[in-house]
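Structural description and commentary
Spelled out from the first residue to the last, the chains are:
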Amino acid sequence: MSQPLVELRHVDRSFKQGRVMIPVLQDINLTVAPNEILCLVGESGCGKTTTGKIIVGLLSQSAGDVLYQGRPVGEFRGKERSAYRRALQIVHQDPFASLNSAHTIGQILSYPLKRHKMVHSRAELRRRIWELLTLVDLTPPGDVVNKFPHQLSGGQRQRVSIARALTVEPKLIVADEAVSMVDVSIRVSLLKMMHRLRDQLNLAIVFITHDLALAKYFAWEGRIGVMYLGRMVELGPTPDVIVNPAHPYTRALISAIPEADPELTRRKERMILRSEDIPSLTEIPAGCAFHPRCPFFVPGLCDSRVPPLADAEGFRHQVACLPLTQGDALREYGDAFREEQS
Amino acid sequence: MEGTPAHRLYDAIKRVVGSYAFRVVVQGILTLWAVTTFTFVLIRQMPGNPIQIKIDQLMDQRQLSYDDALKSAAGLYDFDPDEPLIQQYVKYIGKLARGDLGKSILSAGTPVADQIRRYLPWTLFSVGSGLLISFTLGVLLGMSMAYWRGGLLDNTMTVVASIMYGVPDFVIALLLLLVAGVQLELFKVGDVLGGISQDVEAGFNVPYITSLVQHAGLPVLTYVWTTVGGWILTMKSSTISTLGEDYITVAKARGLPERRIVLAYVGRNAMLPLITRLAISIGFVVGGSVIIEFIFQYPGLGRLLYTAINGRDYTTMQGVFLVISAAVVVSNILADLVFGLLDPRVRVGGQK
Amino acid sequence: MSENKVVLSVRDLSVHYLTQRGALKAVSHASFDLHKGETLALMGESGCGKSTLNLALMRLLPGNARVPNGAIVYTRRDGSTIDVLKMNQDRLRRFRWSECAMVFQAALNSLNPVLRVRDMFYDTARAHGETNHHKVRRRALELFRKVRLDPERVFNAYPHELSGGMRQRVLIALGLLLDPQIVILDEPTTAVDILTQRTIIDVLLSIKDELNFSIIFISHDLSVAAEMADTVGTMYAGEIVELGPVNDMFYRPRHAYTLGLLEAIPRLSAGAEELTSIPGSPPDLVEPPSGCKFHIRCPFATDICAKETPPMEVVGDGHSAACWHADQVYARALQFTGAES
C-alpha cells in the first residue's frame, strides 16, 4: 500500500465549555490514502466535522499525532508548511455563508490564486479561472465569472466553493455536508462531478454526511467510517459496512432509515433500542458509549471497558464492539450476535 | 473523605467563590475601584489648583494678605494638594472605605455626601420620569408601527423619530426654553430657572406638584424628546423581527386571540433586547445631563458636577463620579437579573 | 380509502405573492381531496410551492400573498361543509387548530422561547374555550405518553431545555390537543438525526392508527413519504403535476418529474447503482415557462410540451398526471423500478 496522505494516530480533541472539558473526539485512528474516498457518517455530535477539520489542519488535536505524508504536521515550517496547508482543503455545507457576497465569482477565485502565487500574469489568472470554472461544470465560464454569489443557485454556489478549493491544487478535499443543502434533483450531478474531479486531479476526498444512503452512493468504491459520540465504531469498505454491518449502532442506523420504496420500507425490520436518549458529550457512558442503548448489551463487559477498533471474525472490516472482537471467552456472545443477524 | 470538616469547608468556599453572585459583586467592586482611581488621578491632572483659586478668591474678596489667605484656605480643606499624590490617594481610599466622601472644597465644610443627598433626588426624579415616559411611549409607538408597517403612522413616525434621535439635546433644550417658555409662556422662564420654589411645602399637594411640574417640566420634556426616537426605532425593528418568527405563525395557527399573541408572544419577545438598554440607561439617569441641568439651572447632580468642575472641587467631583459609576454597575447587574427573569434561555449563572 | 368520506377538498387553488417584479405564482391551480384517515404526502423541492399551499390551507399566508382563485372546502364532523377561504376572522380562528392543526419542522423555532410548554398548552385550550387546567393537563400528559415523552418533565419545561426531536414530538402532541380532523405536517423529520427521525415516524404512524386523523404531509424526502403516505402528490413550480396511490407513484410514475426524482435519490439497500440528476434548476415563478413548466429540464420533452400546458388526466385508479408523454415515462419507469404493469 502506498504511504497514506494523512494519518491520525490516537487523536483526541476536547473543547472547553465553561469549566468543563467536553471530549469531542477520543482515540481516533484513521488513514486517508491518496486518491481515496472516505466517508464519515454519524449523527450530530458524533465528531465527524471535528475529524474533518483536524484532517485538513483547521483544528489541532488535543492529544495524539496527525501526520501528513508520514511526517507530524507540527514539524512543517515555512515553505513546507504552506505546501501542506495548500494540499488539504475543505468545502463547507453552506456556500452562501462561505462565499463573500460582496465579491464576484472571478474575484473569489482569483484571491487564492494570487495569494499563493499560483499564477504569474493576468492572462494566466484569467486562463486558470476559466479552467477551474470549466472543471466544475460552470460553463460557459464567461456567464458566471462576473456574477455575485446571490445570483447563482445553491448548486452553482457549491460548485464555486469546490472550484475555490481547487485553486491551490490540493491533494485532498474534505467535503463537509457539501450537498446537504442542495435539492435532490441536483445533488447527484454534484456528486458525479466530485467523482470526476477525483479521477481527473488525483484527489482524495473525505466526504462527511449524516445521510447513509448518500454516503453509500458516493463511497461505494471507498471506505465508510461510522462515528458515535466521538469515537469510530466501525470502519471498512463501503459495501461491507452497508451490506454486512457489524456494530449494533450501524445496524440500528441502517434499520432505521426509510427507503424510497414503499413496500420495502414498510417491510423493513427495525432494530429496537433499549433507550432513545442520546447521552450528552459531558456524560459519556463508561465502557462502550453505546451500551445503554444497545440491544446486545453484555453486562459486566460492555460497560466496563472501552472497545478498541479491531478486526472481528466473520467480518472483513474493523469494528469497536467487545463481544464481536474479543477472544475465545467471548466468542459465544459474538456467535449469538451473528446468528441473530443472519 | 468527603465528610471531613476541612473538605466541607473547602467545598463551601468553592461554591461561594464559584457562584454567580460572588463573581458579580467582585466584578462590581473592581470596576468601582478602577473608576475611582482613574478619576482620582485624572482630576488632579486638570489645570488649576483649588487652594490657589481659593487663596485668590480670599485675597480678592476679603483683601487678605497672601499668607493669611493661605492659612485661612488651608484650614478650610482637610487635604493638602501639595502632598504627594500617592499619599492623597491612600488617605482618600481609606476614608472611602469608611463611607466618608470627604468635604466639599467649594462650599467649604459641607460633606460631599450631604450635597449628593440633596441633589440626587432631583436628578432621579427628572431623568427617571423622563426615561419612564420615553420608554413607555417608545415601546407602544414602535410596536404599533411594526404592526401596521408601511401605514401612515409608520411612515410619519419613522421620519419624526429619526429626526428626534438625531438632534442634540442641548439644541432641543434651548428650543423648548424659547418656544414653550418665552413664546408660548407655558412655563415662567424666571421660575423655571433657579430651582426650587422656597415657599411651597414638600408633599402630595397641588401647589407642590404644580411647582414640581413648573421646575422639572422642561427638563423632563427634553429628555423624553431626545430619547424617545431611539426607543421607537429599536422597538420597531425588534417587533418586526419577532413578527417574522415561526412561533408567531404557529400561535396564529393555534387560533390564539390576537390580544394574547400581541402581549405574550410578540410583546414579550420583542421587549427583550430593550431591557438591557433600559437598565443601562437607568445607570446613566443618575449622572443626569450636565448640559440640560445647566441650561435649565435645574438643581440636580449634573449641575452639581458642573459647578464642581468649574471650581476644581476635587472631592465633590470624586463623589459624583463615584455615585454615577456605582449606579451604572448596579443597573448592569439589575439588567442581568431582569433579563434572566424574562428570558429563560439566559439563566443567571446558568452554565449548562 | 376512496370509499371514505372527504374531509378536505381543494379545488383550483392558486396563490400569488406580490413582488416588485410582478406576481410570483407560488401555487397554480392545485386540486386534491383528502379523505378521513388518509395520509397525503406532497413532495417536491425547495420553492415548489408546497409550504405555501399548506399555509394557504390555514389562511396563514403573509401579507403580500393573494389568492386569485380556488376553494378549500372543509367537511365538519357533522357532515356540513364550509369554504375556508370564505370564513370570517372569528370562525377562522376557531377552525384553526381545533379542526386543522399544523406541525412545523423542528429546526424552526415553533415554540415561544419565553413560555413553558404547559403555558402553550393552556393558551391553546383557552383560545378554544377550555379553561379547566386539570383537564388540559391530563390530556397533554396522555398525549406526551403516546409520543414517547417523559410527560411531567416535558410539560413543565421551557423549549430550550428540550432536544430537537423532543420539541418535534411536543409539537405533535400540541397539534393533537384539540383532536383535530386534519394535521398538516411540514417537514416533520427534516433536520433531525436518523434515530430521532425513526422515533418520529413510528410515533406518527402509531398515533395516527389510534386517533384516526388525516395527515397532509409535506417533505422533500421521498423515502419518508414512501413509508408514511397513502397518497402522494408531486409538486413542481407551484403545480401538482402528479397525484396517486403511493405504490403507483413510486413504481409506476407517469410524470417525467416524478420519475426524475426517483432516479436521482440513492437507496441504501440498492448496492451499486446508477443515478441520474435532473439537469438545470427550477424555473422563475414570476415569468414561468410556457406550456409544461418542466419542459426545459425534461428528457422526454417535445414541441408540444413548450406550447401547451398538459391537462391533469386520469391514468389509473385514483392516479392522475399532467404530462404529454405519460406513456413513455411509464415505459421507462417500468424498466427502472422493475415493477409489473
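Some points on helix α3 (residues 117-127) of chain C
Residues and elements named next belong to chain C. α3 sits mainly inside the fold: eight of its 11 residues count as buried. Of all the residues in α3, the buried ones are V117, M120, F121, Y122, D123, T124, A125 and A127. Looking one or two residues beyond α3, the residue adopting positive phi is G129, at roughly 90°.

Focus on the packing of aromatic side chains
All names here are of chain C. Taken as a whole and assessed by the stated rule, the structure comprises 17 aromatic pairs over all chains. Aromatic pair F121 and F144: ring centres 5.3 Å apart, planes at 75°, arrangement edge-to-face. Residue F121 is found in helix α3, and its partner F144 is found in helix α4 (residues 133-146); the two are separated by 23 residues along the sequence. For the pair F121 and F144, a shared accessibility class is recorded, and that class is buried. Look at Y257 and F294: their rings are 5.2 Å apart centre to centre, the planes differ by 65°, and that puts the pair in the edge-to-face class.

Remarks on the sheet that holds strand β12 (residues 318-319) of chain A
Residue and element names in this part refer to chain A. Spatially, eight strands are ordered β6-β7-β8-β3-β9-β10-β12-β11 in an open sheet, and the strand pairing comes out mixed. With one partner strand each, in any of the chains shown, β6 (88-91) and β11 (310-311) form the two edges of the open sheet. Note that strand β3 (residues 37-41) and strand β8 (residues 204-209) share five bridges and pair parallel. Within β8, the residue paired with L40 across the bridge is I208. Helix α1 (residues 48-56) contacts β3, β6, β7 (172-176), β8 and β9 (223-228) of the sheet and is inclined by roughly 160° relative to β7. Sheet strands touched by helix α2 (residues 78-87): β6 and β7. Its angle to β6, the strand with the most contacts, is close to 35°.

Some remarks on the domain arrangement of chain A
All names here are of chain A. Once the domains are mapped, chain A shows domain 1 (6-228) and domain 2 (244-341). The gap between the C-alpha centroids of domain 1 and domain 2 is 31 Å. Listed per partner, the contact involves nine residues of domain 1 and 12 residues of domain 2. Taken together, the two surfaces of domain 1 and domain 2 that pack against each other cover about 1,100 Å², and 73% of this comes from carbon and sulfur.

So, the sheet that holds strand β5 (residues 71-72) of chain A
Residues and elements named next belong to chain A. Across the sheet, which stays open at both edges, the four strands sit in the order β2-β1-β4-β5 with antiparallel pairing between neighbours. The two strands at the open ends of the sheet, each matched to only one other strand, are β2 (20-32) and β5. Where strand β1 (residues 6-17) and β2 come together, nine bridges link them in antiparallel fashion. When the bridges of β2 are listed, V11 appears paired with I28.

Let's talk about the side chain of R297 of chain C
Among the secondary structure elements, R297 of chain C is positioned in the loop between α10 (256-264) and α11 (303-307). It turns out R297 of chain C is buried and unbridged, and the closest side chain with the opposite charge, E45 of chain C, is 4.4 Å from it. One polar contact links R297 of chain C to S185 of chain A, side chain to side chain, over a distance of 3.2 Å. Excluding residues within four positions of it along the chain, R297 of chain C makes contact with S185 and I186 of chain A together with E45, Y236, I278, P279, G280, S281 and P282 of chain C.

What about the interface of chain C and chain A?
Contacts between the two partners involve 44 residues from chain C and, on the opposite side, 37 residues from chain A. Between chain C and chain A, a total of about 3,600 Å² is buried, with carbon and sulfur atoms accounting for 58% of that surface. The largest per-residue losses of area from chain C upon contact with chain A belong to I194, L195 and L268 of chain C, which jointly make up 24% of the total buried on that side. Between chain C and chain A we count five salt bridges in total. Note that E276 of chain A and R148 of chain C form a salt bridge whose closest N and O atoms lie 2.7 Å from each other. Counting across the interface, chain C meets chain A through 27 residue pairs in polar contact (both at pLDDT 80 or more). Here the side of chain C that touches chain A is built from residues that sort into 21 nonpolar, 13 polar and 10 charged.

Section: the environment of R196 of chain A
Residue and element names in this part refer to chain A. Mapping R196 onto the fold places it in helix α8 (residues 184-201). Between the C-alpha atoms of R196 and V41, which are 155 residues apart in sequence, the distance is 22 Å. Look past the residues within four positions of R196 in its chain and what remains in contact with it is T134, L135, V136 and D137.

Notes on the interface of chain B and chain C
Between chain B and chain C, the residue contacts involve 23 residues of the former and 25 residues of the latter. Carbon and sulfur atoms make up 60% of the area that chain B and chain C hide from each other, which totals about 2,100 Å². Inspection of the chain B/chain C interface yields one salt bridge. Residue D123 of chain C pairs with R260 of chain B through a salt bridge whose shortest N-O separation is 2.8 Å.

A short note on the pairing of strand β7 (residues 100-103) of chain C
All names here are of chain C. In β7, alternate side chains face the same way, and those of C100 and M102 on one face and A101 and V103 on the other are all buried. Note that β7 and strand β8 (residues 182-186) share four bridges and pair parallel. If you follow V103 over to β8, its bridge partner there is L185.

As for the nonpolar core
If you look at the biggest cluster of nonpolar residues, it comprises 231 residues, and the most contacted ones within it are F207 of chain A, Y265 of chain B together with F121, F144 and F250 of chain C. The element best represented in this core is helix α12 (residues 258-287) of chain B, accounting for 10 residues. Grouped together as the second largest cluster of nonpolar side chains are 30 residues, V32, L88, A204 and M227 of chain A included.

Some remarks on unusual backbone geometry
The amide bond that connects T139 of chain A to the next residue, P140 of chain A, takes the cis arrangement and shows omega of -10°. Tracing the chain through its elements places P140 of chain A in the loop between α5 (122-135) and α6 (141-144). Positive phi outside glycine occurs at D137 of chain A, with the angle close to 65°. Mapped onto the elements, D137 of chain A comes out in the loop between α5 and α6. Positive phi, close to 50°, is recorded for A237 of chain C, a residue that is not glycine. For A237 of chain C, a relative accessible area of 5% puts it in the buried group.

Rules used throughout
Residues numbered from 1 in each chain as written. Chains lettered and ligands numbered in written order. Predicted model: local features only at pLDDT ≥ 70, side-chain atom pairs only at ≥ 80, totals over all residues. Heavy atoms only, no water. Buried < 20%, exposed > 50% of the residue type's maximum accessible area, 1.4 Å probe, protein only. Helix = DSSP H or I, 4+ residues; strand = E, 2+ residues; numbered from the N terminus. Phe/Tyr/Trp six-rings, centres within 6.5 Å; stacked < 30°, edge-to-face > 60°. Pairing = 2+ DSSP bridges. Contact = heavy atoms within 4.5 Å. Axes fitted to C-alpha atoms, helices over the stretch in contact; angles between N-to-C directions. Domains from an automatic or database assignment. Buried area = accessible area lost by both parts, 1.4 Å probe. Lys, Arg positive; Asp, Glu negative; His and termini not counted. Salt bridge = Lys/Arg side-chain N within 4 Å of Asp/Glu carboxyl O. Polar contact = N/O pair within 3.5 Å; in protein donor to acceptor, adjacent residues only side chain to side chain. Nonpolar A, V, L, I, M, F, W, Y, C, P; charged D, E, K, R; others polar. Core = buried A, V, L, I, M, F, W, Y, C linked by side-chain atoms within 4.5 Å.

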